[in-house]
Amino acid sequence: MSESTFRGPVLLRGERVELRPFSIDDGAALIEIIRAGEDFLPDNFPRELDAERLAWWLNTGVHQPQRYGLAIHLAVLDRESGAFAGTIGLFRVDWSQLTCEVGYGMRPGARGRGHATEALQLISEWALRECGLHRVELRAMTSNHASVRVAEKAGYVREGVARGGERAGGVNHDQIVFSLLATDLDRSDAGAPRLVGIGVGPGDPELVTAKAVRMLREADVVLVPVMALDEEGRAESVVRAYTGKAERVVFALNDRGGVTGRRAAAWDGAAERVVRAFGEGARTVAFATIGDPNVYSTFTYLAQTVRERRPDTVVETVPGITAMQDLAARSGTVLTEGAESLALVPLTGGAAGLRTALDAADTVVAYKFGSVAAEVVEVLKDAGRLEEAVYGARLGLAGEDVRPAREITGAVPYLSTLIVPGRRTTRGGKL
């Protein structure tokens, strides 16, 4: 397994595609592509309809880089129809460092069918296993969401952004740098499947931990809860800032009154999707949830249901920043000092829980009180705590609303947060 393998004959077959060297038989397809102006061919491919030039290039020119061990260009064919689907190749091959880059392009009619992902997997594994290379690098413009998704689906690891790394249209554009190492292929697929609940914060993509970003990108499948399949959810909007692999699952997020039929059906449906993903070969399924997966999250019920169906599933969580932390930061409110206690209460069942918490704790945080906002204001007035209380909704999003609770005069969103800080009179008085 060495450079000699790279220079030898190549034929790679997958379920959907076949990769092989170019030949004179590809002339008709190449002519069709040039005439149609399909802009996906590498820079060194012919662009003019010159029969003699095309014949030389298909018979000789395209193969010369491979003979010298510098690069390789392969045709991508649809295995079912035999049609020419695109190109893929390795370039900037450095045998002293055992590294190279990979590039590909698919014809418009062949896109969205998994051809690019499978072709990338085939040539990458061939380069790392058969040719003895150690690292394959892939670069995609940050705006090229389709290529970014292909890299992620093929198992490539995102390393960072090369600022101004690609020049197009007279302008330099940022590129996302991905890589796949030979050691990545050696990682065992054995072991129990993993379901990971990932907290993505209140809604601001900047308030996502580095670990959460890494897990979202490494997961085989990423699920996001939504009210309806045609509506983007808050968790999804955050996830899409870091990866394109966000699959919607419907949850009855606005149901009230315990375990309703819609809620139970949603938990079952989402769990079935997770189990099906495991059955299709996924080793890690991530579920993104706003806030933290262990604080009033739908993930709790999903995990319980999945465990009932797949008892061998390992359930993990990645903590996220909560709405009360974000509101405290945005409003300049200190949550606790010294020996102060903190109570967190959901007010979906009414404002009575707030009154009880104010009697028992120093600082009180209330969630989900949109339907009883007027009652909440009255409770705070009666307790003499209205003046210091702060209110927040849509934190980190367009239309963010952060203000003193005394300014609440009408309806507020369901996902509203209230902080009633403890009473403080002197510096260090609560130590």
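Keep in mind that this is a model prediction, so the values were computed, not measured. (Residues numbered from 1 in each chain as written. Predicted model: local features only at pLDDT ≥ 70, side-chain atom pairs only at ≥ 80, totals over all residues. Heavy atoms only, no water.)

A.B. asks: Which residues make up the environment of Val275, and what values go with them?
C.D. replies: Examined against the element boundaries, Val275 turns out to sit in helix α10 (residues 261-279). Note on Val275: relative accessible area 22%, which makes it partly exposed. Spatially, the C-alpha atom of Val275 lies 9.3 Å from that of Val285, the residues being 10 residues apart in sequence. Other than its neighbours up to four places away in sequence, Val275 contacts Arg309 and Arg310. (Helix = DSSP H or I, 4+ residues; strand = E, 2+ residues; numbered from the N terminus. Buried < 20%, exposed > 50% of the residue type's maximum accessible area, 1.4 Å probe, protein only. Contact = heavy atoms within 4.5 Å.)

A.B. asks: I'd like a description of the packing of helix α13 (residues 352-360) against helix α14 (residues 373-383), backed by residues and values.
C.D. replies: Two elements in contact, α13 and α14, have axes separated by 9 Å at closest approach and are oriented at 30°. In terms of their interaxial angle, α13 and α14 are classed as roughly parallel. The chirality of how α13 crosses α14 is right-handed. Across from Leu354, Arg355 and Leu358 in α13, the residues of α14 making contact are Val376, Val379, Leu380, Asp382 and Ala383. In the contact of α13 with α14, the residues fall into 6 nonpolar, no polar and 2 charged. (Axes fitted to C-alpha atoms, helices over the stretch in contact; angles between N-to-C directions. Parallel < 35°, antiparallel > 145°, perpendicular 65-115°, else oblique. Left-handed = near helix turned anticlockwise from the far one by under 90°. Nonpolar A, V, L, I, M, F, W, Y, C, P; charged D, E, K, R; others polar.)

A.B. asks: Describe the nonpolar core, listing the residues and the values that go with them.
C.D. replies: One broad trend across soluble globular proteins is that nonpolar side chains are buried collectively. One finds Leu19, Ile88, Leu90, Val102, Trp126 and Tyr156 to be the most contacted residues of the largest nonpolar core, which totals 39 residues. Looking at this core, the elements with two or more residues in it are β2 (17-21), β3 (72-78), β4 (84-94), β5 (99-106), α5 (115-130), β6 (135-141), α6 (145-153) and β8 (171-181). Here this core gets 8 residues from one element, more than from any other, and that element is α5. Residues within four places of Leu90 in sequence aside, it is in contact with Phe6, Ala71, Ile72, Cys100, Glu101, Val102, Ile123, Trp126 and Ala127. One finds Ala343, Ala351, Ala373 and Val412 within the second-largest nonpolar core, a separate group that totals 26 residues. (Core = buried A, V, L, I, M, F, W, Y, C linked by side-chain atoms within 4.5 Å.)

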